[in-house]
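Summary of structural features
Each chain, written out:
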Amino acid sequence: MPAENEEQTEAWRSLRPTSAYAVRELSSAFERESTPPDDLIDAYLFAKRHLAQSMQALLLSQLPSECPEFAELRANIQAEMENRYADRIPERFLRVPYGSKVHELLFMILLRNLGNRVDSDRLRLATRDNVHTERRTRELRELGFNIATSELDGGQFYTLVNLAIDFSKVPELIAKTIDKTKSLTKAEKTNLVDQLAD
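Residues numbered from 1 in each chain as written. Predicted model: local features only at pLDDT ≥ 70, side-chain atom pairs only at ≥ 80, totals over all residues. Heavy atoms only, no water.

Close contact between helix H4 (residues 101-112) and helix H6 (residues 133-142) brings their axes to 10 Å; oriented N to C, the two are set at 75°. Between H4 and H6, the angle falls in the class roughly perpendicular. From H4, Val102, His103, Leu106, Phe107 and Leu110 reach across to H6, where they touch Thr133, Arg136, Thr137, Glu139 and Leu140. Looking at the contact of H4 with H6 residue by residue, the classes come out as five nonpolar, three polar and two charged. (Axes fitted to C-alpha atoms, helices over the stretch in contact; angles between N-to-C directions. Helix = DSSP H or I, 4+ residues; strand = E, 2+ residues; numbered from the N terminus. Parallel < 35°, antiparallel > 145°, perpendicular 65-115°, else oblique. Contact = heavy atoms within 4.5 Å. Nonpolar A, V, L, I, M, F, W, Y, C, P; charged D, E, K, R; others polar.)

Written out as structure tokens, the structure reads:
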């Protein structure tokens, strides 16, 4: 993988001074005994917003703008779907989900640390502390990616163990797509899901 994303590197450089100022202001507010609680909270929120933005840029500056490994693994899942079910399930249901930029970014971070634990807090940097980061990571596991979870000292960690795909997840992925299709009746959904049984 390329080592650096020039666009994000430039973003980090431009955001860094404001973040440094925000940290100084927060530190100053903490050091003053007379700082009103609302002022301290405002200083914290100001620093939090700017730090989330700049730390995201710093993290992403270390990653390529695209991940061919992610695209290749998704293509392998797509091929497996078609090979197993093209004769039984309409093509519109044979689509690999979870291909957003956020999914790709999270995968890149895990890939960069292949075989090693990655703190969930680090993953959240990629989305500016978005509360759905863990859900997006779990969705990568739903694709069949070998991602292990663990806890240490109260923290949650994720490890991309290897690049093997668990293709046994394919029927579940298709069933989920079928279930989310509002244009189908319950009977039609049941009939299609029954077709997934090998």
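Attention shifts here to the sheet that holds strand E2 (residues 145-152). In spatial order, the strands read E1-E3-E2; together these three strands make up an open sheet with antiparallel pairing. Each having just a single partner strand, strand E1 (118-119) and E2 make up the two edges of the open sheet. Lying on the sheet, H4 is in contact with E1, E2 and strand E3 (155-165); it crosses E3 at an angle near 85°. Each of E2 and E3 touches H6; the most contacted strand, E2, lies at about 135° to it. (Pairing = 2+ DSSP bridges.)

Moving on, we come to the nonpolar core. Formed by 38 residues in total, the largest nonpolar core has its most connected members in Ile77, Phe107, Leu140, Phe145 and Ile174. In terms of residue count, the dominant contributor to this core is H4 (seven residues). Excluding its chain neighbours within four sequence positions, the residues that come into contact with phenylalanine 145 are Phe70, Leu73, Ile77, Phe107, Leu140 and Ala164. By size, the runner-up hydrophobic cluster in this structure holds five residues, among which are Ala22, Leu26, Ala29 and Ala43. (Core = buried A, V, L, I, M, F, W, Y, C linked by side-chain atoms within 4.5 Å. Buried < 20%, exposed > 50% of the residue type's maximum accessible area, 1.4 Å probe, protein only.)

Bringing the packing of aromatic side chains into the picture now. Geometry of an aromatic ring pair is reported as the spacing of the ring centres plus the angle between the planes. Going through the model one piece at a time under the given rule, you end up with four aromatic pairs. Geometrically, the ring pair formed by phenylalanine 70 and phenylalanine 145 is edge-to-face, given 6.3 Å between the ring centres and 80° between the ring planes. Of this pair, phenylalanine 70 sits in helix H3 (residues 68-85) while phenylalanine 145 sits in strand E2, and the two are 75 residues apart along the sequence. Judged by relative accessible area, which is 5%, phenylalanine 145 ranks as buried. An aromatic cluster is built from Phe70, Phe107 and Phe145, whose rings are joined through pairwise contacts. (Phe/Tyr/Trp six-rings, centres within 6.5 Å; stacked < 30°, edge-to-face > 60°.)

Among the surface-exposed residues, Ile41, Tyr44 and Leu45 lie close enough to one another that they form a single nonpolar patch of about 270 Å² accessible area. As for its placement among the helices and strands, tyrosine 44 is situated in helix H2 (residues 37-61). (Patch = residues over 30% accessible without salt bridge, like charges linked within 9 Å, V, L, I, M, F, W, Y side chains within 5 Å. Areas by Shrake-Rupley, 256 points an atom, 1.4 Å probe, with all protein chains shown as cover. Salt bridge = Lys/Arg side-chain N within 4 Å of Asp/Glu carboxyl O.)

Another point: the pattern of salt bridges. On inspection of all chains with the given rule, the structure shows nine salt bridges. In this structure, aspartate 121 engages arginine 124 in a salt bridge whose closest nitrogen and oxygen atoms are separated by 1.9 Å. Placement of both aspartate 121 and arginine 124 in helix H5 (residues 120-125) is noted, with a separation of three residues, approximately one turn of the helix. Residue class for aspartate 121 comes out partly exposed when judged on its relative accessible area of 42%. Taking relative accessible area as the criterion, arginine 124 reaches 19% and is therefore assigned buried. Glutamate 134 is paired through a salt bridge with arginine 124; the nearest N and O atoms lie 2.2 Å apart.

This part covers the environment of leucine 140. Mapped onto the elements, leucine 140 comes out in helix H6. On the basis of relative accessible area, leucine 140 is assigned to the buried category, the value being 0%. With 94 residues separating them along the chain, leucine 140 and phenylalanine 46 place their C-alpha atoms 33 Å apart. Other than its neighbours up to four places away in sequence, leucine 140 contacts Phe70, His103, Leu106, Phe107, Leu110, Phe145 and Ile147.

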